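Residues per chain, in single letters:
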Amino acid sequence: MTRVLVTNDDGIDAPGLLVLAREVQAAGFDVTLAAPARQSSGSSASIMAAEEDGHIRVERRDLAELPGAPVFAVHGGPGLIALIAAHGAFGDPPEIVLSGINHGANVGRAILHSGTVGAALTGGLNGAWAMAISLDVGMDPREFHWDAAARVALEVLPALQQRPRGTIVNVNVPNSETPRGVREATLAPFGIVQTTLSESSEQRVRLAVEDLPNAPEPGSDAAALAEGWATLTAILPVSSEPFGWEASLA
């Protein structure tokens, strides 16, 4: 069976994580679940961890909903989890890294800061097929359609496996029982919300999250998601491009 690491940045007790792992296991994959012991949203691909005598603390868990699957609570973020998984921390390295289902959308170039996306980027950088999956629950959700997001992830997964190893996709799903379908989209210039500075003094600062005032860019992930589509965007891990240094000196 294909080995799959399921992780997230909302933490080991997040409901979306369990739904994703359960549905992936039911689809016939060999699932290992390893997630942060605590909430790690906004951690990007950080490999910082709480260490004791130079060791990263890992706790084995048992989940009745995942019979036979190894489950670990890790005192570190999702990027670190994907990294140590690639080096055999939880058994043979995963062939697929699935990160989610995140509580809230991860769209636009602001995905740079997402721990959900950071785990997928780290998995892809280490040779796995990788997917970040997020549910657009909005600011005040009354219900959560985790199952719909899991179904979309499983719909996308066969196409992902047809691409070269190391391919990474970012998937967002509207909080609806029946999304309109899956649409490939570009990254919006920002996201659905923006972070602002709400308080500042010499001793402390406070951040706040606000809705963006403008309509999302047509064709972007933010726009398609607002129209009821699940969105798919292929993203790259850290890479380089020519700068043209010699030409700038001419």
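The structure under discussion appears in the preceding block.
Residues numbered from 1 in each chain as written. Predicted model: local features only at pLDDT ≥ 70, side-chain atom pairs only at ≥ 80, totals over all residues. Heavy atoms only, no water.

*Asks:* What exactly am I supposed to notice about the overall build of the protein chain here?
*Replies:* The secondary structure content of the protein chain amounts to six helices and 13 strands. Across the 250 residues that make up the protein chain, the buried fraction comes to 44%. By element, 52% of the accessible surface of the protein chain is carried by carbon and sulfur atoms, the whole surface being about 13200 Å². (Helix = DSSP H or I, 4+ residues; strand = E, 2+ residues; numbered from the N terminus. Buried < 20%, exposed > 50% of the residue type's maximum accessible area, 1.4 Å probe, protein only. Areas by Shrake-Rupley, 256 points an atom, 1.4 Å probe, with all protein chains shown as cover.)

*Asks:* It is not clear to me how the packing of aromatic side chains should be interpreted in this structure. Could you clarify?
*Replies:* The geometry of an aromatic ring pair is captured by two quantities: the separation of the ring centres and the angle between the planes. As enumerated under the stated definition, the model contains three aromatic pairs in all. Ring centres of Phe-72 and Phe-90 lie 4.9 Å apart, and the angle between their planes is 35 degrees; this geometry places the pair in the tilted category. In this pair, Phe-72 sits in strand β6 (residues 71-74) while Phe-90 sits in the loop between α2 (78-86) and β7 (96-103), placing the two residues 18 residues apart along the sequence. Like Phe-72, the residue Phe-90 is buried in the burial classification. Note on Phe-243 and Trp-245: the rings are 6.4 Å apart at their centroids and 25 degrees apart in plane angle, and the pair reads as stacked. Since its relative accessible area comes to 71%, Phe-243 is described here as exposed. (Phe/Tyr/Trp six-rings, centres within 6.5 Å; stacked < 30°, edge-to-face > 60°.)

*Asks:* It is not clear to me how the sheet that holds strand β5 (residues 58-61) should be interpreted in this structure. Could you clarify?
*Replies:* Where strands meet in a sheet, backbone hydrogen bonds hold them as pairs that are either parallel or antiparallel. If you walk across this open sheet you meet the nine strands as β5-β6-β2-β1-β7-β8-β9-β13-β10, and the pairing is mixed. Strand pairing shows two members of the sheet lacking a second neighbour, β5 and β10 (182-184), which therefore form its edges. Neighbour-to-neighbour, the strand axes of this sheet turn through a mean angle of 25 degrees, independent of strand direction. Bridge count between β10 and strand β13 (residues 230-235): three bridges; the pairing is parallel. By the bridge assignment, Arg-183 is partnered in β13 with Thr-231. Lying over the sheet, helix α3 (residues 115-125) contacts β1 (3-7), β7, β8 (129-136), β9 (168-174) and β13, oriented at roughly 170 degrees with respect to β8. (Pairing = 2+ DSSP bridges. Axes fitted to C-alpha atoms, helices over the stretch in contact; angles between N-to-C directions. Contact = heavy atoms within 4.5 Å.)

*Asks:* In this structure, what is going on with α3? I would like to understand it.
*Replies:* For an α-helix the count is 3.6 residues per turn, leaving residues at separations of three or four pointing the same way. Of all eleven residues that make up α3, nine are buried, and the element is covered over most of its length. Taken together, the buried positions of α3 are occupied by Gly-115, Thr-116, Val-117, Gly-118, Ala-119, Ala-120, Thr-122, Gly-123 and Gly-124. Here the buried face of α3 lies against β1, α2, β7, β8, β9 and β13.

*Asks:* Looking at this model, I keep getting lost on the nonpolar core. Mind explaining?
*Replies:* Across soluble globular proteins, nonpolar side chains have a tendency to be buried as a group. One finds Leu-20, Leu-33, Leu-98, Ile-101, Met-131 and Ile-133 to be the most contacted residues of the largest nonpolar core, which totals 37 residues. Looking at this core, the element that brings in the most residues is helix α4 (residues 146-161), giving eight residues. Each residue touching Leu-98, except ones within four places of it in the same chain, is listed here: Val-4, Leu-5, Val-6, Thr-7, Leu-20, Val-24, Met-131, Ile-133 and Leu-157. Core analysis: the next-biggest nonpolar cluster, separate from the first, contains 18 residues, Ile-81, Val-117, Ala-120 and Ala-130 among them. (Core = buried A, V, L, I, M, F, W, Y, C linked by side-chain atoms within 4.5 Å.)

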